[in-house]
Amino acid sequence: MFNKFLRENKLAAYILTVIRLYVGYEFLMAGFEKISSGKFNAAGFLTGAVMKPVIGPDKAVVYPTYVAFLKHFALPNAHLFNVLVPYGEFLVGLGLILGCLTTAAAFFGLVMNFSYVLAGTVSTNPLDILLGVIILTSGYNAGRIGLDRWVIPFIRKFTGKANHTGHVVKHRA
């Protein structure tokens, strides 16, 4: 019942817009600060996450697979993450603020937030994860008051998928 409210109710669309704008602003500003300073370097964060991983009460590493990913892929390719992180944050924020490809933006925002949490950084990430899950669960309704109102039907027109009203749009050759 709550899921139906999130996905279909017009009042929910207004509430989701407020949530979307808040989370989008947080991402946009985080990315903008990293881009505009020109000094962002992921290597320090990645090294710290590898050297001091999340440890459980039994003194064992809680996310050994993630630490291995950081050590063997992310850290050697820190130059790639120096671009992906700031521009990813900026684009997620822009997508959420504009309500354009909202569910994709929410998904990638969740990936980034979970990455920080798995590396041991809490900060505002749990709240952002909760709000991101609400946005993602809401689907089209989260971007209804935004560019998704026009973008999603346009995309569906060319993919032959059902539009937000459930009507199938035929692909035109």
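It should be noted that the structure appears before, not after, this text.
Criteria and cut-off values
- Residues numbered from 1 in each chain as written.
- Predicted model: local features only at pLDDT ≥ 70, side-chain atom pairs only at ≥ 80, totals over all residues.
- Heavy atoms only, no water.
- Helix = DSSP H or I, 4+ residues; strand = E, 2+ residues; numbered from the N terminus.
- Buried < 20%, exposed > 50% of the residue type's maximum accessible area, 1.4 Å probe, protein only.
- Salt bridge = Lys/Arg side-chain N within 4 Å of Asp/Glu carboxyl O.
- Core = buried A, V, L, I, M, F, W, Y, C linked by side-chain atoms within 4.5 Å.
- Patch = residues over 30% accessible without salt bridge, like charges linked within 9 Å, V, L, I, M, F, W, Y side chains within 5 Å.
- Areas by Shrake-Rupley, 256 points an atom, 1.4 Å probe, with all protein chains shown as cover.
- Polar contact = N/O pair within 3.5 Å; in protein donor to acceptor, adjacent residues only side chain to side chain.
- Contact = heavy atoms within 4.5 Å.
- Arc of directions from axis to C-beta.
- 1 Å grid on protein atoms, 1.4 Å probe; cavity = no way out; pocket = protein on both sides within 12 Å on 5 of 7 lines; lining within 4 Å.
- Points joined across faces, edges and corners; volume = space filled by probe spheres on them.
- Nonpolar A, V, L, I, M, F, W, Y, C, P; charged D, E, K, R; others polar.
- Axes fitted to C-alpha atoms, helices over the stretch in contact; angles between N-to-C directions.
- Parallel < 35°, antiparallel > 145°, perpendicular 65-115°, else oblique.
- Left-handed = near helix turned anticlockwise from the far one by under 90°.

Undergrad: Would you take a moment to explain the overall build of the protein for this structure?
TA: Scanning the protein from N- to C-terminus turns up eight helices and zero strands. Counting from the amino terminus, helix and strand elements in the protein follow one another as α-α-α-α-α-α-α-α. Dimensions of the protein, computed from the C-alpha atoms along their principal axes, are close to 55 × 35 × 30 Å. Burial status across the protein gives 34% buried among its 173 residues.

Undergrad: Looking at this structure, I do not really get the pattern of salt bridges. What am I missing?
TA: A side chain with one charge may pair with a side chain of the opposite charge, provided their charged atoms come close. Within this structure, the stated rule accounts for two salt bridges. A salt bridge links K34 to E89, with the shortest nitrogen-to-oxygen separation between them at 3.0 Å. On the criterion of sequence distance, the pair formed by K34 in helix α2 (residues 10-37) and E89 in helix α5 (residues 78-98) is long-range, its members being 55 residues apart. The buried category is assigned to E89, whose relative accessible area is 3%.

Undergrad: Can you help me understand the nonpolar core in this one?
TA: Generally speaking, a soluble globular protein has its nonpolar side chains buried in company with each other. One finds L16, I19, V23, F27, V92, L96 and I135 to be the most contacted residues of the largest nonpolar core, which totals 14 residues. Looking at this core, the elements with two or more residues in it are α2, α5, α6 (102-118) and α7 (125-138). Of the residues forming this core, the biggest block, five residues, is contributed by α2.

Undergrad: So what exactly am I meant to see when it comes to a nonpolar patch on the surface here?
TA: On the surface, V83, Y87, L91, L94, L98, L147 and W150 cluster together into a nonpolar patch covering about 690 Å² of accessible area. Within the secondary structure, L94 sits in helix α5.

Undergrad: Where do I start with the side chain of N141 in this structure?
TA: Relative to the helices and strands, N141 is located in the loop between α7 and α8 (148-159). Engagement of the side chain of N141 in a polar contact is seen with the backbone oxygen of N9, the distance being 2.8 Å. Apart from the residues lying within four places of it in its own chain, the contact partners of N141 are F5, L6, R7, E8, N9, A12, A13 and L16.

Undergrad: Sorry if this is basic, but what is going on with helix α4 (residues 64-74) here?
TA: Note on helix geometry: an α-helix contains 3.6 residues per turn, so any two residues three or four positions apart are oriented the same way. Here α4 has its buried residues at Y66, V67, L70 and A74. Summarising the axial view, the buried residues of α4 lie within an arc of 105°, below the 170-degree limit, and thus occupy one face. Away from its buried face by more than 90 degrees, α4 exposes T65 and H72. Those residues of α4 hidden inside the fold are in contact with α3 (42-51), α5 and α6.

Undergrad: Any chance you could explain empty space enclosed by the protein here in plain terms?
TA: Rolled over the atoms, a probe with the dimensions of a water molecule shows which regions are left empty. In the structure shown here, the tally under the stated rule is one cavity of 30 Å³ or more. Put simply, the largest cavity is a space of about 40 Å³. For the largest cavity, the full set of lining residues is V23, F27, V92, L96, A105, A106, G109, L110, N113, D128, G132 and I135. Within the residue set of the lining of the largest cavity, elements represented by two or more residues are α2, α5, α6 and α7. For the lining of the largest cavity, a count of residues per class yields eight nonpolar, three polar and one charged.

Undergrad: What exactly am I supposed to notice about the packing of α2 against α7 here?
TA: Two elements in contact, α2 and α7, have axes whose closest approach is 10 Å; the angle formed by their N-to-C orientations is 135°. For the element pair α2 / α7, the angle class is oblique. Crossing of α2 over α7 shows left-handed handedness. The segment α2 lies against α7, with L16, I19, R20, Y22 and V23 engaging L127, D128, L131, I134, I135 and S138.

Read these as geometric descriptors, not functional statements.
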